[in-house]
Each structure stands twice: as structure tokens, then as C-alpha cells.
Amino acid sequence: MIRRGLGPRGVVLVLSLATVAVAARAHAQDGLSEELLGRSLEGEEASDDERRAWGLVLADKPIEARELADRVVAGSPRSFVGHFVLGWVQHYNEANFARALFHYNTALELYEA
């Protein structure tokens, strides 16, 4: 099913993760910050690999983030964090908007499920 809009929950999810990404890039240029990783997925259960994949996005290491997120999704296809990281990297670093949209939509569907 192709979604035409994110809906209120999707917008909140995207905005909160984007806000954390902007803050992290401003304050954690020297590597992964456990404090920021904890805040980025606060209130959500996430595996260590999911947290590390999002941390790699925050640390501006898109290739490593994509590779780890690919492994996360391969091992757990219902990982909304894995799909969100793949969408983020495809969108902002690889300019593959069709793949980004696919992963964003998948992440949103899994998040809302």
C-alpha cells in the first residue's frame, strides 16, 4: 500500500528524529554520543545494532550506517529503525528518492503497527 501522506504520528516521528540529527551534528562531531543515541530512540525498544545504525547517521557516516541498517533489516525485516535509517541515507546521502520513499513508508507502517 502506498501512502500519500505521513499523518500526524508520522510527522511527529520524522520531526523528532530530524531534530535529534541536527542537534547531534552540532554537538557530537567527534563520534557517537551515547547520550544522544539514548535520546534519539527514547521510549522505543531498539536493538544495539539499530541504535548504532542511527548513531552512525548522527555521526555523518552514511556508508557505515547503510551497511549496518541493511544487516539489521536482513535479520529483522520488521525493524522500523532499520528502514528509517535506510530511508535517511538514501534520501540525504545517496539522492535515491524512490528507495528513500520506500523505506520511509515501510518504517512508518511498521511504527504505526
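It should be noted that the structure appears before, not after, this text.
Residues numbered from 1 in each chain as written. Predicted model: local features only at pLDDT ≥ 70, side-chain atom pairs only at ≥ 80, totals over all residues. Heavy atoms only, no water.

Draft legend 1. Local environment of helix H4 (residues 62-75). Helix length check: H4, at 14 residues, gives a terminal C-alpha distance of 20 Å against a target of 20 Å (1.5 Å per residue), a fit within 8%. Where H4 is buried, its residues meet helix H3 (48-58) and helix H5 (80-92). (Helix = DSSP H or I, 4+ residues; strand = E, 2+ residues; numbered from the N terminus. Expected span 1.5 Å × (residues − 1). Contact = heavy atoms within 4.5 Å.)

Draft legend 2. Quick peek at the side chain of Glu 50. Of note, Glu 50 is situated in helix H3. Put simply, Glu 50 is tucked away with no salt bridge, and the nearest opposite charge, on Arg 51, sits 7.1 Å away. When sequence neighbours within four positions are dropped, the list of residues in contact with Glu 50 reads Glu 45, Val 72, Ser 79 and Val 81. (Buried < 20%, exposed > 50% of the residue type's maximum accessible area, 1.4 Å probe, protein only. Lys, Arg positive; Asp, Glu negative; His and termini not counted. Salt bridge = Lys/Arg side-chain N within 4 Å of Asp/Glu carboxyl O.)

Draft legend 3. Broad picture of the packing of H5 against helix H6 (residues 97-112). Between H5 and H6, whose axes approach to 7 Å, the crossing angle comes to 155°. Relative to H6, H5 is oriented roughly antiparallel. Considering the relative orientation of H5 and H6, their crossing is left-handed. On H6, the residues that touch Phe 80, His 83, Phe 84, Leu 86, Gly 87, Trp 88, Gln 90, His 91 and Tyr 92 of H5 are Phe 97, Arg 99, Ala 100, His 103, Tyr 104, Thr 106, Ala 107, Leu 110 and Tyr 111. (Axes fitted to C-alpha atoms, helices over the stretch in contact; angles between N-to-C directions. Parallel < 35°, antiparallel > 145°, perpendicular 65-115°, else oblique. Left-handed = near helix turned anticlockwise from the far one by under 90°.)

Draft legend 4. Structural detail: the nonpolar core. Residues Trp 54, Val 57, Ala 65, Phe 84, Val 85 and Trp 88 are the most contacted members of the largest nonpolar core, which totals 20 residues. At the level of elements, H3, H4, H5 and H6 are the ones that each hand at least two residues to this core. The greatest single-element share of this core, amounting to seven residues, is contributed by H5. (Core = buried A, V, L, I, M, F, W, Y, C linked by side-chain atoms within 4.5 Å.)

Draft legend 5. How the structure looks around the packing of aromatic side chains. According to the stated counting rule, one finds six aromatic pairs in the structure shown. Ring plane angle 65° and centroid distance 5.1 Å describe the contact between Phe 80 and Tyr 111, whose orientation is recorded as edge-to-face. With a gap of 31 residues between them, Phe 80 in helix H5 and Tyr 111 in helix H6 connect regions that are remote in the sequence. Look at Phe 80 and you get buried, because its relative accessible area is 13%. Since its relative accessible area comes to 22%, Tyr 111 is described here as partly exposed. Judged by centre distance (5.5 Å) and plane angle (50°), the ring pair of Phe 84 and Tyr 104 falls under tilted. Here Phe 84, found in helix H5, pairs with Tyr 104, found in helix H6; they are 20 residues apart in sequence, far enough to count as distant. With relative accessibility at 4%, the residue Phe 84 sits in the buried group. Every member of this aromatic cluster is reached through a ring pair, and the members are Trp 54, Phe 84, Trp 88, Tyr 92 and Tyr 104. (Phe/Tyr/Trp six-rings, centres within 6.5 Å; stacked < 30°, edge-to-face > 60°.)

Draft legend 6. Quick look at the pattern of salt bridges. Overall, the coordinates contain two salt bridges when judged by the stated rule. Of the charged contacts in the structure, one is a salt bridge between Arg 66 and Glu 94, with a shortest N-O distance of 2.3 Å. Residue Arg 66 is located in helix H4, and its partner Glu 94 is located in the loop between H5 and H6; the two are separated by 28 residues in the primary sequence.

Draft legend 7. Up close: unusual backbone geometry. Even without being glycine, Asp 60 reaches a positive phi, approximately 60°. Phi is positive for Ala 95, which is not a glycine, with a value near 55°. With respect to the helices, strands and loops of the structure, Ala 95 is situated in the loop between H5 and H6.

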